[in-house]
Each structure stands twice: as structure tokens, then as C-alpha cells.
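Here is how the chains run, residue by residue.
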Amino acid sequence: MKSRLISIIIPSFNEENNIELMYKALDRECTDIDYDYEVIFINDGSTDDTLFHIKKLVLNTSKVKYISFSRNFGKEVAILAGLQHVKGEAVIVMDADLQHPCNLIKEFLKGYEEGYHQVIAKRNRKGDRPLRSILSSLYYRLINRIVDVDLKDGVGDFRLLSRQAVDALLMLNEGNRFSKGLFSWIGLDQKIIHYDNVLRQNGKTKWSLSKLLNYGIDGIISFNNRPLRVCFYTGSLILLLSLVYIFVHLILIMNNGITEHGYFTTISAVLLLGGVQLLSLGVIGEYIGRIYYETKKRPHYLIQETNIKNGESYAGNQ
Ligand code: UDP
Ligand code: MG
């Protein structure tokens, strides 16, 4: 028995072909480290045999823990549940699909021992579809201008967190969790490790275009209220321009009488203002929607079953 413990959190949604491979890879990697380890699989409402495969592991080793949600709550929430239930002095978050190479664990631990609170894996975009790479790099350029926290392309949830970082994250209790932003928000000393992108072997990605779009909007809206302000400024500017326009035309009409029919100007004004108003309403709606969800104070998730003691009745609110 080693005296120090690290915890590995693995959110899993329909990963039946990956669970055992993942545990084997982890076990191989972790035999010669100075820490004991526990692996916590979060079964995020899988509709395939993911839970069955996790339970098979549980029968063979006491190192595997699991939390099974009552339905799919999303990866962000699965990570939260993991963070709330782990015991290790440091925690590693990684995907179930073998896209996060286990051999980085040793480098993570090296960084941790050097005193870093977050050791972050950053991937390049080798093998990604070109369109997705271009869109993401544009998105990150845009988002970093708008939001208050620093977000990097290629940096995701794959990282090691010290106990202090985990406790800091657990203090952020918002329902709508954009974990990339939360990780960045807590700060603390960080080290970045680079690795080559690995393509998914089994199963398929859970990111559809619409999910990616929603995630992108979450990133912008969750971390600042600048879009609201942009609406305010654009609205004010357009109001000012229209006042000038009306004033100038009034004077022209008083001097010359009505000479033009004004069809074009009327239509363009209506369209322009209509557009700005809809956009502004949309942005305001986004924020109000968020307030609406936050005021409900619903638990972040519900656990259907788990082998972690005192976890059964746990509805994930803090
Ligand atoms: N995942 C999850 N809940 C979801 C979607 C995904 O727990 O609703 C898990 C999934 O099983 C995987 C990780 O999150 O372990 C990353 O998902 P995916 O591989 O689909 O994302 P990508 O690697 O394509 O960004
Ligand atoms: Mg993946």
C-alpha cells in the first residue's frame, strides 16, 4: 500500500467498448508511480452497456468506483460529481475514449510535485477536420477578446488539479457550468504540457454541430456581461444616428418641401432597427434564461446508483 492517493475522474457516456481498455491502460501506467490511485467512472446516463462494463471492473478491483446518473446530464456535470466524491490529494480528469494518453500521468505528477496546482494538457490539432480546426481557432480568437478569463485552443478538461484547486472549483456552484472557463477562473499556479492529438478509436464523438454551437455560446455568455453592453452601445449609436437623420431631413423638408418619396430609406431603417432589436432581445433573453435556471436551485444531477459510501442519496447540490 502506498500512502498517497490520486483520483482519476472519467466521465463516460455510451463508451461500452472503451471502459475496460481505459482501465487497463491506466492500470499499466500507474503500477510504477509513487501513489495509490482510485478511478471514478461517472456513467452519464449511457444507453448502451457502459454501466455493465464498469460493474465488471468493480467486481475485480477495489480501485474502481462509479457514480451512475439517473439520466444524461452532460460532461460538465459529470466532472462536478467526480470532483465532489474523490478523496485523492490530487485529481486527474480524463476522457473515456482513449484520446487522452495515459502516459501523460507521470508528467502531470511531476508538475504536481514541482508545486503546480493545475497541470494542463494542451493538444495540437493533428488529424482534426480542417473546417473544425479553422472554426475553433477563429472562435478562440473571438472569445478571448470578449470574455474575462483566458481560454486557449487545444486546452480542455484533461488536466491534474491539486486538492486546493478542487476545493476552489467546488466553491463555484453555478448550474450552467462551462468548465474550461471555471478552470481558468480559479487561477493558481499552472503548467502546460503539450501532446499530439489522438483520434477516437471506438464509438463516436458526442459533439454534434448544434451541441458545439451551444457550447460556444455558453462560453461567451457565462463569463461576462459584455454582450449586453454591446447591445446597449449599438442601440445608443443607432438611436443617435436616427435622431441626426430625422433632424437633417426635417430641416430639408422645411426648406424645400417634400421632394423624395423616401421608400428606400424607410425600408432600410426598418430593417436595420429590426435587426438590432432582435439581436439585443436575443442577448438579453440569454441572460434572463440563465437567471431563470439559476433561481430554480435544482440539484446539478441525480444519482441512480453508486458504490461510493454515503453517495446513494446524494443529489448533487452543495
Ligand atoms: N461525455 C459525457 N457526457 C456527455 C458527453 C460526453 O460524459 O453528455 C464524455 C464522453 O464519454 C467522453 C468525454 O465526455 O469520455 C468526451 O466526449 P467526446 O469524446 O464525445 O468529446 P470529444 O473528444 O469529441 O471532444
Ligand atoms: Mg473524445
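Right above here is the structure, for reference.
What counts and how
Residues numbered from 1 in each chain as written. Chains lettered and ligands numbered in written order. Predicted model: local features only at pLDDT ≥ 70, side-chain atom pairs only at ≥ 80, totals over all residues. Heavy atoms only, no water. Core = buried A, V, L, I, M, F, W, Y, C linked by side-chain atoms within 4.5 Å. Buried < 20%, exposed > 50% of the residue type's maximum accessible area, 1.4 Å probe, protein only. Helix = DSSP H or I, 4+ residues; strand = E, 2+ residues; numbered from the N terminus. Contact = heavy atoms within 4.5 Å. Donors = N, O, S within 2.8 Å, 3.2 Å for Na, K, Ca; no water. Near = heavy atom within 4 Å. Polar contact = N/O pair within 3.5 Å; in protein donor to acceptor, adjacent residues only side chain to side chain. Areas by Shrake-Rupley, 256 points an atom, 1.4 Å probe, with all protein chains shown as cover. Nonpolar A, V, L, I, M, F, W, Y, C, P; charged D, E, K, R; others polar. Axes fitted to C-alpha atoms, helices over the stretch in contact; angles between N-to-C directions. Parallel < 35°, antiparallel > 145°, perpendicular 65-115°, else oblique. Left-handed = near helix turned anticlockwise from the far one by under 90°. Salt bridge = Lys/Arg side-chain N within 4 Å of Asp/Glu carboxyl O.

Participant: An account of the nonpolar core is needed here, citing residue identities and associated values.
Facilitator: Among the nonpolar cores identified, the biggest contains 38 residues, and Phe69, Leu83, Leu161 and Tyr301 are the most heavily contacted of them. Mapped by element, the contributors of at least two residues to this core are strand E2 (36–43), strand E3 (64–69), helix H3 (75–85), strand E4 (90–93), helix H5 (130–146), helix H6 (163–171), helix H7 (179–186) and helix H8 (209–222). When residues in this core are grouped by element, the largest group, six residues, is from H3. With residues near it in sequence (within four places) discarded, Leu83 still touches Ile9, Val91, Leu161, Val166, Leu169 and Leu170.

Participant: Got a sec to walk through the coordination of the magnesium ion (ligand 2)? Specific residues and values, please.
Facilitator: The coordination sphere of the magnesium ion (ligand 2), as far as protein atoms go, consists of Asp97 (OD) and Gln99 (OE1), spread over 1.8 to 1.9 Å. On the accessibility criterion, Asp97 (3% relative accessible area) is buried.

Participant: Explain the site of ligand 1 to me, using residue names and the numbers behind them.
Facilitator: In the vicinity of ligand 1 lie 16 residues, with Glu15, Asp44, Asp97, Thr205 and Lys206 positioned nearest. A distance of 2.6 Å separates an oxygen atom of ligand 1 from a polar side-chain atom of Glu15. Here an oxygen atom of ligand 1 sits 2.6 Å away from a polar atom, N or O, in the side chain of Asp97. Burial of ligand 1 by the protein amounts to 89% of the accessible area it has alone, namely 530 Å². Residue composition of the shell around ligand 1, grouped by class: four nonpolar, five polar and seven charged.

Participant: Give a description of the packing of H3 against H6 that names residues and reports values.
Facilitator: Following both chains from N to C, one finds H3 and H6 inclined at 125°, their axes separated by 10 Å at the closest point. When the axis of H3 is compared with that of H6, the two are oblique. Crossing angle aside, the handedness with which H3 passes H6 is left-handed. Together, Leu80, Leu83 and Gln84 of H3 and Val166, Leu169 and Leu170 of H6 make up the contact between the two elements. In terms of residue class, the contact of H3 with H6 is built from five nonpolar, one polar and no charged.

Participant: Could you give an account of unusual backbone geometry, with specific residues and numbers?
Facilitator: For Asn14, which is not glycine, the phi torsion reads 50° and is therefore positive. With respect to the secondary-structure elements, Asn14 resides in the loop between strand E1 (5–12) and helix H1 (19–30). Its identity as a non-glycine residue notwithstanding, Leu188 has a phi of 70°, on the positive side. Residue position: Leu188 is located in the loop between H7 and strand E7 (190–195). The exposure class of Leu188 is partly exposed, given its relative accessible area of 31%.

Participant: Would you mind going over the pattern of salt bridges in detail, with residue names and values included?
Facilitator: Applying the stated rule across the entire model yields 13 salt bridges. The salt bridge partner of Glu29 is Lys106, with a shortest N-O separation of 3.2 Å. In this pair, Glu29 is assigned in helix H1 and Lys106 in helix H4 (residues 104–113), connecting sequence segments 77 residues apart. Taking relative accessible area as the criterion, Glu29 reaches 17% and is therefore assigned buried. Since its relative accessible area comes to 35%, Lys106 is described here as partly exposed. Ionic pairing is found between Glu286 and Arg290, a salt bridge with its closest N-O pair at 3.0 Å. In this pair, Glu286 and Arg290 are both assigned in helix H10 (residues 263–296), four residues apart and thus about one turn of the helix distant. The class for Glu286 is partly exposed, based on a relative accessible area of 29%. What you see here is one network of salt bridges that share partners, running through Glu29, Asp32 and Lys106.

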